[in-house]
Amino acid sequence: MPNTYIGRFAPSPTGWLHIGSLLTAVASYLDARSHQGKWLVRMEDLDPLREQRGAASVILSTLEAFALYWDDTVVYQSQRHHLYQQALSRLQANNQVYRCYCSRKTVQAEARGEGIDAMVYGGRCSLLPSDWQSESGKKPAWRVRSPSKKITFIDAIQGLQEQQLDEEVGDFVLLRADGFWAYQLAVVVDDAVQGINHVVRGEDLLSSTPRQIYLQSLLNLPQPCYAHVPLLTNKLGQKWSKQTCAPVLNLNQREQLMRQVFNYLQLPQAPAVDHIADLLQWGVEHWQLERVAPEPINTETEYLSNLSH
Ligand code: GLU
């Protein structure tokens, strides 16, 4: 049986969709459908503290409003803790992870002392005996040991990527001390369990990919093909997000927004259509991933003129 393309869109329900998330959703949809593939939606709702109430259902109804219909049922990461636990247990059994009692402050202070990036963990707790317990009863985080080797892969849009994990990232967290699963572990487990073989997502996740490839190798999971679409930025060059006050998508302007997104994705000018679904279908028929340029796109002008606040 030929290997069916399976792609996905994996929003975090921390806010409504904005133009940047629409771009990612459309790119992953067009790539999947133009390969006669499946397109799944996974809600990455692992951190209730960052979630916005009602965002998950608004995201889904927004996708439907743009005729971005998904296959199968939506998967919610909040219901899949057992799968992440299984993966962690396997890494524990192979001594590839260790408990870490360091607070964020300790990690940062230590890193500053060594003159390295504050996000690179120095590995202090990896030296503790495995049966060591914190006297205060503090719960540990679990970190995976980073290898001292370069992880390389070819991104279909951004080209050759290399990262020396131990120097550039350090041992990274899979289960946080507050009991929440880290994105890096959950995404790897779910992509594998859902049979995802093509990941098309935003360029902000490019630097996470080597960590995910490394975890796939430890867990003996297949590595999907990756394509990271360019970020859309405001006039200060910042990624549109909740933090940079990205305007909410105006559903009365769906066609203009979709045309705008097509333009960012280097599709040719689409003809007049009666319905948004026809426009999307036209996009599927004309989609060429190779045409998408890797550079960030400054969108302030067109974007704001298309939207109401
Ligand atoms: N949930 C992530 C986000 O909304 C995307 C994760 C992924 O596509 O791997 O940024």
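Just above, that's the structure.
Before going into details, it helps to say that this report is about the structure given with it. For clarity, every value in this text was computed on a predicted model and none was experimentally measured.

## Some thoughts on the state of the cysteines
Here, disulfide denotes a covalent bond that connects the sulfur atoms of two cysteines.
Next up, step 1: A full pass over the atoms with the stated rule returns 0 disulfides.
Next up, step 2: With no disulfide of its own, C125 has C102 as its nearest cysteine by sulfur position, at a separation of 3.6 Å.

## Notes on the sheet that holds strand β4 (residues 97-100)
Next up, step 1: Spatially, 3 strands are ordered β4-β5-β8 in an open sheet, and the strand pairing comes out antiparallel. Only two strands of the sheet have a single neighbouring strand rather than two, namely β4 and β8 (172-175). Strand after strand, the sheet turns through a mean of 45 degrees between neighbouring axes, direction not considered.
Next up, step 2: As judged from the 3 bridges shared by strand β5 (residues 141-144) and β8, these two strands associate in the antiparallel manner. Looking at β8, one finds that V144 is bridged to F172.
Next up, step 3: Sheet strands in contact with helix α7 (residues 209-218) are β5 and β8, and its direction is about 60 degrees off that of β8.

## A word on the site of the ligand
Next up, step 1: Inspection of the region around the ligand gives R8, A10, P11, S12, E44, Y183, V187, R201 and L205 as its neighbouring residues.
Next up, step 2: The separation between a nitrogen atom of the ligand and a polar side-chain atom of E44 is 2.6 Å.
Next up, step 3: Here an oxygen atom of the ligand sits 2.8 Å away from a polar atom, N or O, in the side chain of R201.
Next up, step 4: For the ligand, the accessible surface in isolation is 300 Å², of which the surrounding protein chains cover 79%.
Next up, step 5: Residues that form the shell around the ligand fall into these classes: 5 nonpolar, 1 polar and 3 charged.

## So, the pattern of salt bridges
Next up, step 1: Inspection of every chain in the model, using the stated rule, returns 11 salt bridges.
Next up, step 2: Here E44 makes a salt bridge to R42, at a shortest N to O gap of 3.0 Å.
Next up, step 3: Take R42: its relative accessible area is 0%, and that puts it in the buried class.
Next up, step 4: Between D204 and K239 there is a salt bridge whose closest N-O contact spans 2.9 Å. Residue D204 is located in the loop between β9 (198-202) and α7, and its partner K239 is located in the loop between β11 (232-233) and α8 (254-264); the two are separated by 35 residues in the primary sequence.
Next up, step 5: You can call K239 partly exposed: its relative accessible area is 33%.

## Considering α7
Next up, step 1: Here α7 lies mainly inside the structure; 9 of its 10 residues are buried.
Next up, step 2: All buried positions along α7 are accounted for by T209, P210, R211, Q212, I213, Y214, L215, Q216 and L218.
Next up, step 3: In the segment just after α7, N220 is the residue with positive phi, at about 60 degrees.

## What about the pairing of strand β7 (residues 159-164)?
Next up, step 1: As judged from the 6 bridges shared by strand β6 (residues 150-155) and β7, these two strands associate in the antiparallel manner. Following the sheet pairing, D155 is matched in β7 by G159.
Next up, step 2: The loop that links β6 with its antiparallel partner β7 comprises 3 residues.

The rules we used
Residues numbered from 1 in each chain as written. Predicted model: local features only at pLDDT ≥ 70, side-chain atom pairs only at ≥ 80, totals over all residues. Heavy atoms only, no water. Disulfide = S-S within 2.5 Å. Pairing = 2+ DSSP bridges. Helix = DSSP H or I, 4+ residues; strand = E, 2+ residues; numbered from the N terminus. Axes fitted to C-alpha atoms, helices over the stretch in contact; angles between N-to-C directions. Contact = heavy atoms within 4.5 Å. Near = heavy atom within 4 Å. Polar contact = N/O pair within 3.5 Å; in protein donor to acceptor, adjacent residues only side chain to side chain. Areas by Shrake-Rupley, 256 points an atom, 1.4 Å probe, with all protein chains shown as cover. Nonpolar A, V, L, I, M, F, W, Y, C, P; charged D, E, K, R; others polar. Salt bridge = Lys/Arg side-chain N within 4 Å of Asp/Glu carboxyl O. Buried < 20%, exposed > 50% of the residue type's maximum accessible area, 1.4 Å probe, protein only.

Geometric descriptors of this kind do not, in isolation, establish any biological role.
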